[in-house]
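Coordinates in review
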Protein chains: 2
Amino acid sequence: MPENFYSDAERAAIYRAIYERRDMRHFLSKPIASDVLTRLLDAAHHAPSVGFMQPWRFIRISSPNLRVAIHDLVEQERVSTAEALNEREDEFMKLKVEGIMECPVILIAALCGGREQYIFGRRTMPDMDFASLSCAIQNMWLAARAEGLGLGWVSMFDPNALKVLLNMPEDSQPIAILCMGHVDKFYDKPMLEEQHWEYRKDLNTLLYENTWNTPCP
Amino acid sequence: MPENFYSDAERAAIYRAIYERRDMRHFLSKPIASDVLTRLLDAAHHAPSVGFMQPWRFIRISSPNLRVAIHDLVEQERVSTAEALNEREDEFMKLKVEGIMECPVILIAALCGGREQYIFGRRTMPDMDFASLSCAIQNMWLAARAEGLGLGWVSMFDPNALKVLLNMPEDSQPIAILCMGHVDKFYDKPMLEEQHWEYRKDLNTLLYENTWNTPCP
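Each value, and the rule that gives it
- Residues numbered from 1 in each chain as written.
- Chains lettered and ligands numbered in written order.
- Predicted model: local features only at pLDDT ≥ 70, side-chain atom pairs only at ≥ 80, totals over all residues.
- Helix = DSSP H or I, 4+ residues; strand = E, 2+ residues; numbered from the N terminus.
- Rg over C-alpha atoms; globule rule 2.2 N^0.38 Å.
- Buried ≥ 20, exposed ≤ 12 C-beta atoms within 10 Å, placed from the backbone.
- Least-squares fit on C-alpha atoms with pLDDT ≥ 70 in both.
- Contact = placed C-beta atoms within 7 Å.
- Nonpolar A, V, L, I, M, F, W, Y, C, P; charged D, E, K, R; others polar.
- Pairing = 2+ DSSP bridges.
- Axes fitted to C-alpha atoms, helices over the stretch in contact; angles between N-to-C directions.
- Parallel < 35°, antiparallel > 145°, perpendicular 65-115°, else oblique.
- Expected span 1.5 Å × (residues − 1).

Turning our eyes to something else, we now look at the overall build of chain A. Along its length, chain A carries seven helices and five strands. For chain A, the sequential pattern of α-helices and β-strands runs α-α-β-α-α-β-α-β-α-β-α-β. For chain A, the C-alpha radius of gyration of 19 Å lies close to 17 Å, the compact-globule estimate for 217 residues. Judged by the C-alpha coordinates and their principal axes, chain A covers about 55 × 45 × 40 Å. For chain A, the residues scored as buried account for 47% of the 217 residues in total.

Right, let's talk about the relation of the copies chain A and chain B for a bit. A rotation about some axis, followed by a shift along it, carries one copy of the chain onto the other. Structural alignment of chain A on chain B gives an RMSD of 0.0 Å, achieved by rotating through 180° and translating 0.0 Å along the axis. These values place the two chain copies in the arrangement generated by a two-fold rotation axis. The share of interface residues of chain A whose copies in chain B are also at the interface is 100%, consistent with both copies meeting through the same surface.

So, about the interface of chain A and chain B. You'll often see interface size given as the accessible area lost when the parts meet. Across the boundary between the two partners, chain A contributes 90 residues, which contact 90 residues of chain B. Split by residue class, the side of chain A that touches chain B holds 52 nonpolar, 22 polar and 16 charged. Where strand S1 (residues 56–60) of chain A meets strand S5 (residues 207–209) of chain B, three bridges bridge the pair, whose relative direction is parallel. Bridged to A:Ile59 within S5(B) is B:Tyr208.

It is worth spelling out unusual backbone geometry at this point. The residue A:Asn210 is not glycine, and still its phi comes out positive at about 65°. Topologically, A:Asn210 is positioned in the segment after strand S5 (207–209). In this model, B:Asn86 sits at a positive phi of 55°, which is unusual for a non-glycine residue. When you line up the elements, B:Asn86 lands in the loop between helix H3 (64–84) and helix H4 (89–93). Residue classification places B:Asn86 among the exposed residues on the basis of 9 C-beta atoms within 10 Å.

For any two helices packed against each other, the geometry is given by the interaxial angle and the distance between the axes. At a closest axis distance of 8 Å, the pairing of helix H1 (residues 8–20) of chain A and helix H1 (residues 8–20) of chain B adopts a crossing angle of 80°. By the angle class used here, H1(A) and H1(B) are roughly perpendicular. Contacts between H1(A) and H1(B) pair A:Ala9, A:Glu10, A:Ala13, A:Ile14, A:Arg16 and A:Ala17 from the former with B:Ala9, B:Glu10, B:Ala13, B:Ile14, B:Arg16 and B:Ala17 from the latter. Residue composition of the contact of H1(A) with H1(B), by class: eight nonpolar, no polar and four charged.

Quick look at the sheet that holds strand S2 (residues 105–111) of chain A now. Spatial ordering of the open sheet is given by S3(A)-S4(A)-S2(A)-S1(A)-S5(B), a layout of five strands whose pairing is mixed. Two strands lie at the open edges of the sheet, namely strand S3 (149–154) of chain A together with S5 of chain B, each paired on one side alone. Averaged over all pairs of adjacent strands, the angle between strand axes in this sheet comes to 25°, irrespective of strand direction. Along the sheet face, helix H5 (residues 128–146) of chain A touches S1, S2, S3 and strand S4 (173–182) of chain A and points at about 155° away from the line of S3(A).

All names here are of chain B. When the terminal C-alpha atoms of helix H5 (residues 128–146) are compared, their 27 Å separation across 19 residues agrees well with the 27 Å that a helix rising 1.5 Å per residue should span. Most of H5 sits out of view: 19 of its 19 residues are buried. Just downstream of H5 lies Gly148, where phi reads positive at about 80°.

Below, the structure written as structure tokens:
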């Protein structure tokens, strides 16, 4: 059997996690075992990174006061977002957009400082480190699903205010508040699809050949 | 058996793909079966996206002339990167940074245009769509590994020049040249680690609690 080979069962497991992963907003209070959390963080750390830069840093929030302060930040941005959405404001305000006060584990995912010294793969597109961290979070997300744990990525916050809260250096960058925990049930479909906020596009409308010949919706 | 539950074998398969995924630069010319390619694209399409925006577009490059033109763009940027690296220029020029002329499938991953209308989760951090596309690529990467296929993400190019080549609208954004194909062998470690360009950091140095109290390297 060639070493490249995955069995049908292995392949199916990977697709299962890809299709069953959900951006969760509802959590149980049951704690996450520390060895499981370490496995998830190590899965993140084995993501690809531009020039093998490994720009990711994770800040675990164990302080109850800090949790409340982070929740307040998100609540503030939720209201600002609702106002910016104009005619969809009321519809938006009915959605549950975070589970910060319920989830047992909160991690802030951030880009480290001193990134300008990394040029490999970033000379024309310095944001590639942000792509690397996103891949790391996706690794963690899929591994969490396989561990029976939910994860929710909250991006509704003022990054500068969060930096101040966490004493982050000027040239670092928080990109996600990750809520993690056991769940009663994973959503059958993405919550925003279940709630009729958006629908899944037809894959064929997203694929072009050689030239950008189909208009974007 | 609760529906959240994955068997030990399923969980192991997911970690296997996470740990064995590599950023590949060496490919065999053997074609990729079209049903496999469709599965990979559908895996990408089932990534999380901010506000369920699905900002990803994929352009398949089947034109040999376009392939050469894309290779030329990358070669140009490779030389510029080498110069910018100063004392590591010679070391860098020995690395294989792409497999564009060898791989059977090239996809350009891009962000669609018209993104300013999407405010959900992007009011303070508009780049969240870029995170979504990165997660989509990571899905494809892991699924490709499970299919026995290699994938390499090349970010060494001038995005504006690539936009012109592919007739992309002004407000769209190419973020990756993805080289895909069968491989003789997956690297045992990340190629840049095997080639002593960088080393894997100790996970514990990347984790903080409540405050950013450890200096970035």
